[in-house]
Amino acid sequence: RHDAAARRFATTVDGMDAFVDYEQRGDEMVITHTRVPEAIGGRGIAGALVQAAFAHARSTGWRVRPVCSYAAAWAERHPDVADLLG
C-alpha cells in the first residue's frame, strides 16, 4: 500500500510491518530507507516494495534517486528501471 501522506510504501506480513520510505523533491522520488524485520526477511518483501515505488514513480512521471543501499542495489539488478534513475 502507498501512504502518500507518510511518503511510504508499506505492507504487513505475519503481523510485522515492512516499508520503503521516500522524500519527494520536485519531480524526483528519493528512496531513503528500506526496512524489513529479520523475522520476515528472505521472502522478497523488500524487493516487492522497491518495485512498487519504482512503478509509482513511472506512473507519475517522476525520476528516482535511490540513496538507500538496498534500493540502489535493486535498481542495479533491474536494468528496466535505468531510465528512471536521476
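For the structure itself, look to the data block above.
Residues numbered from 1 in each chain as written. Predicted model: local features only at pLDDT ≥ 70, side-chain atom pairs only at ≥ 80, totals over all residues. Heavy atoms only, no water.

Undergrad: Give a description of the pairing of strand β4 (residues 28-35) that names residues and reports values.
TA: Here strand β3 (residues 16-25) pairs with β4 via seven bridges, running antiparallel. By the bridge assignment, D21 is partnered in β4 with H33. Between β3 and β4, which follow one another and run antiparallel, lie two residues, and G26 among them has a positive phi close to 65 degrees. By the bridge criterion, four bridges tie β4 to strand β5 (residues 63-66) in an arrangement that is parallel. (Pairing = 2+ DSSP bridges. Helix = DSSP H or I, 4+ residues; strand = E, 2+ residues; numbered from the N terminus.)

Undergrad: Outline the nonpolar core, listing residues and values.
TA: Counting residues in hydrophobic clusters, the biggest one holds 22 residues, and the most contacted among them are F9, M29, I31 and F54. Those elements that place two or more of their residues in this core are β2 (8-13), β3, β4, α1 (45-60) and α2 (69-77). A total of six residues in this core trace back to one element, the largest contributor, which is α1. Not counting chain neighbours up to four residues away, the residues in contact with F9 comprise R1, H2, A18, F19, V20, Y22, M29, L49, A52, A53 and H56. (Core = buried A, V, L, I, M, F, W, Y, C linked by side-chain atoms within 4.5 Å. Buried < 20%, exposed > 50% of the residue type's maximum accessible area, 1.4 Å probe, protein only. Contact = heavy atoms within 4.5 Å.)

Undergrad: Help me get a handle on the pattern of salt bridges, residues and values and all.
TA: The tally for this structure, following the rule as stated, stands at five salt bridges. Across the pair R43 and D14 runs a salt bridge whose closest N-O atoms are separated by 2.9 Å. Taken together, the residues R43 in the loop between β4 and α1 and D14 in the loop between β2 and β3 connect sequence positions 29 residues apart. Where E28 meets R65, a salt bridge forms, and the shortest distance between an N and an O atom there is 3.5 Å. Here E28, found in strand β4, pairs with R65, found in strand β5; they are 37 residues apart in sequence, far enough to count as distant. (Salt bridge = Lys/Arg side-chain N within 4 Å of Asp/Glu carboxyl O.)

Undergrad: Mind laying out α2, listing which residues take part and the relevant values?
TA: In an α-helix, one turn spans 3.6 residues; hence positions three or four apart end up facing the same way. Buried within α2 are the following residues: A71, W74 and A75. Looking straight down α2, one finds that the buried residues subtend no more than 100 degrees of arc, so they occupy a single side. Projecting away from the buried face of α2 at angles above 90 degrees are the exposed residues S69 and E76. Those residues of α2 that are buried are in contact with β4, α1 and β5. (Arc of directions from axis to C-beta.)

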